[in-house]
Amino acid sequence: MIIILKSGVSEEQINHVIERVESLGLKAHLSRGTHRTIIGVIGDKSQLLPSRFQAIPGVADVISVLPSYKLASTDAHPDPSVVDISGVKIGGGHLGMIAGPCAVESAERMDAIAESVRAAGANILRGGAFKPRTSPYAYQGMGEEGLKILRDTGAKYGMPVVTEVMDPRRVEMVERYADMIQIGARNMQNFVLLTEVGQTRKPVLLKRGMSATIVDLLMSAEYILSQGNPNVVLCERGVKGFDSATRNLFDVAAVPACKGLSHLPIIVDPSHATGRPDLIPACALAGVAAGADGVHIEVHNCPEDAMSDGPQALLPEQYQKLAGQIRDLATLFGKTISPAPGSSR
Ligand code: PEP
Ligand code: MN
């Protein structure tokens with residue numbers, strides 16, 4: 001860490017900063033330039049917190065040379081992490097193919113959609129039982145009944161299942177039914193919820209908040225990792241843009257940007273990123289070409305009748321075509337796709 005002192009700082013102030021540094025068991029290295037004086041600080045990383053020094057008189061700025069997302073960073077773990085979701089690998093050259101409806105709506109519908117996405121090559125089944133809706137009057141999901149349907153359908157088709165949890169009090173329940181727990185964009189900075197899922201050992205699909213920076217996303221992952229759960233998969237699902245032509249702004253550069261900073265796998269969700277079935281295939285393929293470790297897509301067999309996100313759902317036949325293109329691209333990039341584990345889960 002580097003403490004930059006204000007120009008005109010007094011000897012008394014310099015000595016005071018050094019005393020504060022040393023009182024925390026850290027070492028201070030004073031360097032006087034013609035215009036500025038700086039103090040290099042080394043020692044126990046847990047004490048190297050810029051906020052501890054910013055308010056000291058005479059301090060102009062404090063620069064941390066280590067990222068605050070210590071566990072998520074490539075410094076902590078230079079090789080890409082591989083997350084195993086009940087037999088399906090994501091990361092380190094393994095591509096996840098997550099597909100299913102936005103919401104679990106009924107056992108029959110879940111069955112039909114699961115059958116089609118599994119046949120198309122999806123290896124993880126998705127479906128929300130607790131839906132984060134902008135309006136309190138919109139469909140909120142089937143709750144525990146939906147979790148049971150999702151788990152049973154996943155078991156029938158031999159697919160691990162991922163579903164969202166929104167409430168820290170429901171983590172224990174969702175954990176019982178799901179192979180992977182989703183933290184949605186709206187809850188990316190719900191730190192109580194992150195801490196709670198961090199205390200499980202279930203893989204977590206952490207979606208980027210719609211106004212969150214890449215560093216914010218990595219800091220949220222750090223909350224989970226710091227609780228001892230290493231199984232985090234990041235997801236780029238679009239951020240708020242100014243153009244209503246697309247639902248969100250698909251930030252494809254977030255994929256290589258995250259890979260440069262973190263060992264955690266990152267997948268793309270072109271369904272929520274674009275909100276438009278006509279744009280989903282191109283953005284899914286762009287994500288894979290940019291190095292994504294998986295693709296998350298909403299599929300529905302009757303979008304006009306869907307309880308949520310119908311307008312952005314791909315039809316099963318559209319998903320089947322896209323899945324084939326994703327496989328071709330995966331082969332080109334030397335990636336492997338774990339098959340769905342089979343019906344004997
Ligand atoms: C979803 O996956 O259905 C969802 C609500 O996603 P997001 O949190 O990215 O909006
Ligand atoms: Mn959705």
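All values derive from a computational prediction rather than experimental measurement.

### Concerning the site of ligand 1
Part 1: Around ligand 1 lies a shell of 13 residues, among which R126, Q182, A185, K207 and R237 are the nearest.
Part 2: A distance of 3.1 Å separates an oxygen atom of ligand 1 from a polar side-chain atom of E298.
Part 3: Grouping the constituent residues of the shell around ligand 1 by class yields three nonpolar, three polar and seven charged.

### Considering the pattern of salt bridges
Part 1: Tallied over the full model, the rule gives 15 salt bridges.
Part 2: Between D167 and R169 there is a salt bridge; the shortest N-O distance is 2.8 Å.
Part 3: On the basis of relative accessibility, which here comes to 73%, the residue R169 falls in the exposed class.
Part 4: Connected via shared salt-bridge partners are E105, R109 and D305.

### A few points about the coordination of the manganese ion (ligand 2)
Part 1: Looking at the metal site, the manganese ion (ligand 2) is ligated by C102 (SG), H272 (NE2), E298 (OE) and D309 (OD), spaced 2.0 to 2.4 Å from it.
Part 2: Mapped onto the sequence, the donors of the manganese ion (ligand 2) take the spacing C-x169-H-x25-E-x10-D. Within this pair, whereas H272 is found in helix α8 (residues 270–274), its partner D309 is found in the loop between β14 (294–298) and α10 (316–332), the two being separated by 37 residues in sequence. Just as H272 is buried, D309 falls in that class too.

### Side note on the domain arrangement of the protein
Part 1: Partitioning the protein into domains gives domain 1 (2–63) and domain 2 (83–337).
Part 2: Relative placement of domain 1 and domain 2: their C-alpha centres are 44 Å apart.

### Describing the state of the cysteines
Part 1: Taken as a whole and judged by the stated rule, the model has zero disulfides.
Part 2: For C283, which is in no disulfide, the shortest distance to another cysteine sulfur is to C235 and amounts to 13 Å.
Part 3: For C283, a relative accessible area of 17% gives the class buried.

### Quick look at helix α9 (residues 280–289)
Part 1: Every buried residue belonging to α9 is among I280, C283, A284, G287 and V288, and all of these are buried. Along the axis of α9, the buried residues cluster in a sector spanning 140°; they form a single face.
Part 2: If you follow the buried residues of α9, they end up packed against α7 (254–261), β13 (266–268), α8, β14 and α10.
Part 3: Within two residues after α9, G291 carries a phi angle of roughly 110°, on the positive side.

### Quick look at the nonpolar core
Part 1: Counting 68 residues, the largest nonpolar core has V117, L206, L234, I297 and Y319 as its most contacted members.
Part 2: For L206, the residues in contact, after removing those within four places along its chain, are I183, M188, L194, L217, S220, A221, I224, V232, V233, L234 and C235.
Part 3: The next biggest cluster of nonpolar side chains, apart from the first, holds 16 residues, and it includes M1, V41, L48 and V59.

Cut-offs applied
Residues numbered from 1 in each chain as written. Chains lettered and ligands numbered in written order. Predicted model: local features only at pLDDT ≥ 70, side-chain atom pairs only at ≥ 80, totals over all residues. Heavy atoms only, no water. Near = heavy atom within 4 Å. Polar contact = N/O pair within 3.5 Å; in protein donor to acceptor, adjacent residues only side chain to side chain. Nonpolar A, V, L, I, M, F, W, Y, C, P; charged D, E, K, R; others polar. Salt bridge = Lys/Arg side-chain N within 4 Å of Asp/Glu carboxyl O. Buried < 20%, exposed > 50% of the residue type's maximum accessible area, 1.4 Å probe, protein only. Donors = N, O, S within 2.8 Å, 3.2 Å for Na, K, Ca; no water. Helix = DSSP H or I, 4+ residues; strand = E, 2+ residues; numbered from the N terminus. Domains from an automatic or database assignment. Disulfide = S-S within 2.5 Å. Arc of directions from axis to C-beta. Contact = heavy atoms within 4.5 Å. Core = buried A, V, L, I, M, F, W, Y, C linked by side-chain atoms within 4.5 Å.

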